[in-house]
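Residue-level structure breakdown
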Amino acid sequence: MAIPGRKPRRARQVPGEELIRTLYEEHGRALLAYAVRLTNDRAAAEDVVQETLLRAWKHADDLEHGIGSIRGWLLTVARNIITDRARARAVRPTEVNQPVDVPTPARDHADDVVDTITVLGAIEHLTPEHRAVIVELYYRGHTVNETAAVLRIAPGTVKSRTYHAVRALRAALGATAKGGAR
């Protein structure tokens, strides 16, 4: 209901708002999954995603006209926020209600990100048929019979395509490892 003499609350759109909406729609799920994996805490991960998108909004001009991967930029910013928060917690004295012997993460998650990017790059080189089988079996967690039903092919075909797809991935990843060792 409009009140005479008053302006509506949203008379104009905030600059960069559409970019942030688009970034969240395209990268929000992957960013949240990455942050959850790093923090092991969904609430903290949601805060990290929000802070990452806030920083993206502050650097909207750079993102719109910059070169390089936007997803890579977002994941790097999220990792930096998580690292900053971990360092800030390490400086503070231990709180009373927090157990003293909380184990710290021993692995560097950057290696996992590199591995994921490498595998995804190798999967892109598979034929569409092989890629579909790998996605259904390994990423969606379906059984052979469920994959056969989804792809409308025989279970034996799923097994055959899986065998050949895995061989092709091993060959591609082996070539990547040999090429990177030079």
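1. Focus: the overall build of the protein
- Counting secondary structure elements, the protein contains 8 helices and 0 strands.
- What you see in the protein, going N to C, is helices and strands ordered as α-α-α-α-α-α-α-α.
- A total of 182 residues make up the protein; the buried ones form 22% of that total.
- Sequence separation of 24 or more characterises 58% of the internal contacts of the protein that already satisfy a separation of 6 or more.
- Surface summary for the protein: the accessible area is close to 13700 Å², and the carbon and sulfur share equals 55%.

2. What about the pattern of salt bridges?
- This structure, assessed with the given rule, holds 3 salt bridges.
- Note that Arg-140 and Glu-136 form a salt bridge whose closest N and O atoms lie 2.4 Å from each other.
- Among the residues examined, Arg-140 registers a relative accessible area of 52% and is labelled exposed.
- Overall, the relative accessible area of 6% leaves Glu-136 in the buried class.

3. Section: the environment of Val-77
- With respect to the element layout, Val-77 can be found in helix 4 (residues 70-91).
- For Val-77, a relative accessible area of 11% gives the class buried.
- For Val-77 and Ala-56, which are 21 residues apart along the polypeptide, the C-alpha to C-alpha distance reads 8.8 Å.
- Other than its neighbours up to four places away in sequence, Val-77 contacts Thr-52 and Arg-55.

4. So, the side chain of His-27
- Its location among the elements puts His-27 in helix 1 (residues 17-39).
- Once residues within four sequence positions are removed from consideration, His-27 is found in contact with Ile-70, Arg-71 and Leu-74.

5. Describing unusual backbone geometry
- Despite not being glycine, Asn-40 has its phi angle at roughly 60°, a positive value.
- Mapped onto the elements, Asn-40 comes out in the loop between helix 1 and helix 2 (42-58).
- With a phi close to 60°, Arg-152 is a non-glycine residue in the positive phi region.
- Mapped onto the elements of the fold, Arg-152 is located in the loop between helix 7 (144-151) and helix 8 (155-180).

6. Quick notes on the packing of helix 5 (residues 109-124) against helix 6 (residues 128-139)
- Between helix 5 and helix 6, whose axes approach to 10 Å, the crossing angle comes to 145°. In this structure, helix 5 uses Val-119, Leu-120, Ile-123 and Glu-124 to contact helix 6, whose residues at the interface are Arg-131, Ile-134 and Tyr-139.
- Of the residues in the contact of helix 5 with helix 6, the class split is 5 nonpolar, no polar and 2 charged.

7. Structural notes on the side chain of Thr-52
- Turning to its location among the elements, Thr-52 is positioned in helix 2.
- Exposure remark for Thr-52: the relative accessible area of 0% places this residue in the buried category.
- Within the local environment of Thr-52, its side chain forms a polar contact with the backbone oxygen of Val-48, the two atoms lying 2.7 Å apart.

8. Side note on helix 6
- For helix 6, the complete set of buried residues consists of His-130, Val-133, Ile-134, Glu-136 and Leu-137.
- Gly-141 occupies a position one or two residues after helix 6 and carries a positive phi of about 75°.

9. Examining the confidence of the model for the protein
- Residues with a pLDDT of 70 or more make up 80% of the protein, whose mean pLDDT is 83.
- Within the protein, no element has a lower average pLDDT than helix 3 (residues 60-65), which sits at 75, and none a higher one than helix 7, at 94.

Conventions used here
- Residues numbered from 1 in each chain as written.
- Predicted model: local features only at pLDDT ≥ 70, side-chain atom pairs only at ≥ 80, totals over all residues.
- Heavy atoms only, no water.
- Helix = DSSP H or I, 4+ residues; strand = E, 2+ residues; numbered from the N terminus.
- Buried < 20%, exposed > 50% of the residue type's maximum accessible area, 1.4 Å probe, protein only.
- Contact = heavy atoms within 4.5 Å.
- Areas by Shrake-Rupley, 256 points an atom, 1.4 Å probe, with all protein chains shown as cover.
- Salt bridge = Lys/Arg side-chain N within 4 Å of Asp/Glu carboxyl O.
- Axes fitted to C-alpha atoms, helices over the stretch in contact; angles between N-to-C directions.
- Nonpolar A, V, L, I, M, F, W, Y, C, P; charged D, E, K, R; others polar.
- Polar contact = N/O pair within 3.5 Å; in protein donor to acceptor, adjacent residues only side chain to side chain.
- pLDDT = per-residue confidence, 0-100.

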